[in-house]
Structure formats: C-alpha cells, structure tokens
2 protein chains.
Amino acid sequence: MAEQELGTTFRPKFDANGLVTAVAVDDATGDILMLAHMNAAALAATMETGEAHYYSRSRRSLWKKGETSGQIQTVRQMLVDCDQDAVVLRVSVGGDGGACHTGARSCFFRAVTPEGGLRRIDE
Amino acid sequence: MAEQELGTTFRPKFDANGLVTAVAVDDATGDILMLAHMNAAALAATMETGEAHYYSRSRRSLWKKGETSGQIQTVRQMLVDCDQDAVVLRVSVGGDGGACHTGARSCFFRAVTPEGGLRRIDE
C-alpha cells in the first residue's frame, strides 16, 4: 500500500475542486456536529490557529467557524483517513456549544425513518 | 429557513456528480469508521436492504461494503444533516468489526501532529 495510506507524512489529497472533507466531532461527547470542506488555506489556518476554518462552497470563501455566532471550534485533535482526502476534527465548541445554523446543536438532528421521512432526534 | 433544512421530508441534495457524503459510525462505540459517498442507487440499496452500499468514485460503480471482506455494515440508524447533502450511518459491523482496507479498524487511524506529521493512534 502507498506511503500516503500507511506513512507518517501528512499529504492531504485535495479533490478536483481543491477540497478535502472535514467532519467536526464534539471532543467531549463524541457526537458528530457537522460536515464541511477545507481547501489548503482553510487547513493551514486551522493548523496555525488551532481553531477550525472551512471553505464555503456556496460563498466561495474561507470561513472561520464561529466568527459571527461565537461557536468557535478549538481543535483538540485532527485525524486523517487512509487516503488522506478526509479529516476528523475533535473540537471543543465555544458560545452555546452548538454548530448548526438552524439552532440545533448538531447539523445531524434528524433520522431517516423506515418510511423515508425524517424525525427529529434532539427534542 | 427552507423545508429541506427543518422539515420532515427526506430529499437528499446530490452534488454535481450525483453524490452525497456518508460517514459510517460504529453504533456500539460511536467511533467514526470511514467516510465515503453515495449516489441515489447506493442510498436506495442501503435503505432497502438495511446494509450500507456506497458509490466508488475511482471504480465508478455501486459497492456493497463488506461484500468481499465480510465487513458488512448493518445500518441501525441513518441521520441526515440540515442541508441534506450528508448522512451519518450508525452501523454494526460484521466480520472482524473493521472498516479500513489497510487492516486498521477505522480509516481514521492517524492523528496530525503539531509538526505536521502523522502518528498512529491505534497501536
């Protein structure tokens, strides 16, 4: 298997749009908070500051999580997967501790039902 | 906010390549096992069979996880995020309980060090 898969060099594999996928996990509870994307600049800013930065595909710009909401994500640990096209950020969250713009704590606040509908799991 | 963000209708938002992002989580431990992608067919097969199917971007084909390795992922719960372009699958894993083709249990078996290297966290 390739060095990228088993080695000790961090060499992120950006996709055709220059992005890797990022999953933010609450370091205290292990809950998945959100999924977003990072370009090289977002990754560099995150590693330099210790606070999560993402790349907004809709706004096409670098974005510091929590800059307006106060929901700053301080990175406790960053993991990378075997093919280095995805990272997991274990974070402590500032402000009210949430991550979702809807007001929910996690963006994953609905379960798909067997009938193909959605059911809130956070109420 | 839109119905897609707060409503009870499951209406996945596929990207330009017809994919949503999927994160598989070990239902017993909460550990993130892997990140992959699903097209509409993979999503339908997963919901119909209760076992995780993904779409391989490199092989350009539908792929039932564990078909050759025995690491079948039985879906206990599927969550969707606010904008419905990502799902979390809480799964029970067959075979040896792992998910990564490298032999590691989770694909996220390396942490990025402050120096920008990688360190195995599963040994």
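Reading guide: rules and limits
- Residues numbered from 1 in each chain as written.
- Chains lettered and ligands numbered in written order.
- Predicted model: local features only at pLDDT ≥ 70, side-chain atom pairs only at ≥ 80, totals over all residues.
- UniProt positions renumbered as here; feature names shortened; annotations may be inferred.
- Helix = DSSP H or I, 4+ residues; strand = E, 2+ residues; numbered from the N terminus.
- Contact = placed C-beta atoms within 7 Å.
- Buried ≥ 20, exposed ≤ 12 C-beta atoms within 10 Å, placed from the backbone.
- Least-squares fit on C-alpha atoms with pLDDT ≥ 70 in both.
- Nonpolar A, V, L, I, M, F, W, Y, C, P; charged D, E, K, R; others polar.
- Pairing = 2+ DSSP bridges.
- Arc of directions from axis to C-beta.

Draft legend 1. Representation of the UniProt feature "binding site: Zn(2+)" (unreviewed entry) in chain A. The sites that UniProt annotates as "binding site: Zn(2+)" (unreviewed entry) are Cys-82, Cys-100 and Cys-107 of chain A. A maximum C-alpha distance of 27.8 Å shows the annotated residues, which cover 26 residues in sequence, to be distributed over more than one spot. Tracing the sequence through the fold places Cys-82 of chain A in the loop between strand E5 (73–80) and strand E6 (86–93). Beyond its immediate stretch of four places on either side in the chain, Cys-82 of chain A contacts Glu-5 of chain A together with Cys-100, His-101, Thr-102 and Cys-107 of chain B. Relative to the elements of secondary structure, Cys-100 of chain A occurs in the loop between E6 and strand E7 (110–112). Judged by C-beta crowding, with 20 C-beta atoms within 10 Å, Cys-100 of chain A ranks as buried.

Draft legend 2. Structural view of the UniProt feature "domain: Phosphoribosyl-AMP cyclohydrolase" (unreviewed entry) in chain A. Mapped onto this structure's residue numbering, the UniProt feature "domain: Phosphoribosyl-AMP cyclohydrolase" (unreviewed entry) falls at residues 34–109 of chain A. What you have in residues 34–109 of chain A is 13% helix and 38% strand, and the ends, taken at the C-alpha atoms, are 10 Å apart.

Draft legend 3. Main features of the relation of the copies chain B and chain A. Here chain B sits on chain A after a turn of 180 degrees about the axis and a move of 0.0 Å along it, with an RMSD of 0.0 Å. Given the turn and translation reported, the copies of this chain are related as if by a two-fold rotation axis. The rotation axis passes nearest to the C-alpha of Gly-30 of chain B in chain B, at a distance of 3.3 Å. Mapped onto chain A, 100% of the interface residues of chain B again fall at the interface, so both copies present the same surface.

Draft legend 4. View of the interface of chain B and chain A. The interface is formed by 33 residues belonging to chain B together with 33 residues belonging to chain A. The leading source of residues in the side of chain B that touches chain A is strand E5 (residues 73–80) of chain B, at 4 residues. Classifying every residue of the side of chain B that touches chain A gives 19 nonpolar, 10 polar and 4 charged. Examined bridge by bridge, E7 of chain A and E5 of chain B share 2 bridges and lie antiparallel to one another. For Ala-111 of chain A, the partnering residue across the bridge sits in E5 of chain B and is Leu-79 of chain B.

Draft legend 5. Up close: helix H2 (residues 40–49) of chain B. Residues and elements named next belong to chain B. The complete set of buried residues in H2 reads Ala-42, Leu-43 and Thr-46. Projected onto a plane normal to the axis of H2, the buried residues spread over an arc of 100 degrees and lie on a single side. Those residues of H2 hidden inside the fold are in contact with strand E2 (32–38), strand E3 (53–56), strand E4 (61–64) and E5. Gly-50 sits one or two residues past H2 and shows a positive phi near 75 degrees.

Draft legend 6. Quick look at the pairing of strand E1 (residues 20–26) of chain A. Residue and element names in this part refer to chain A. When you tally the buried positions in E1, you get 6 out of 7 residues, the bulk of the element. As paired elements, E1 and strand E2 (residues 32–38) share 6 bridges and run antiparallel to each other. If you follow Val-25 over to E2, its bridge partner there is Ile-32. Taken together, E1 and the strand that follows it, E2, pair antiparallel across an intervening segment of 5 residues, in which Gly-30 is found at a positive phi of about 80 degrees. Note: E1 against E6, 6 bridges, orientation parallel. Bridging across to E6, Val-25 finds its partner in Arg-90.

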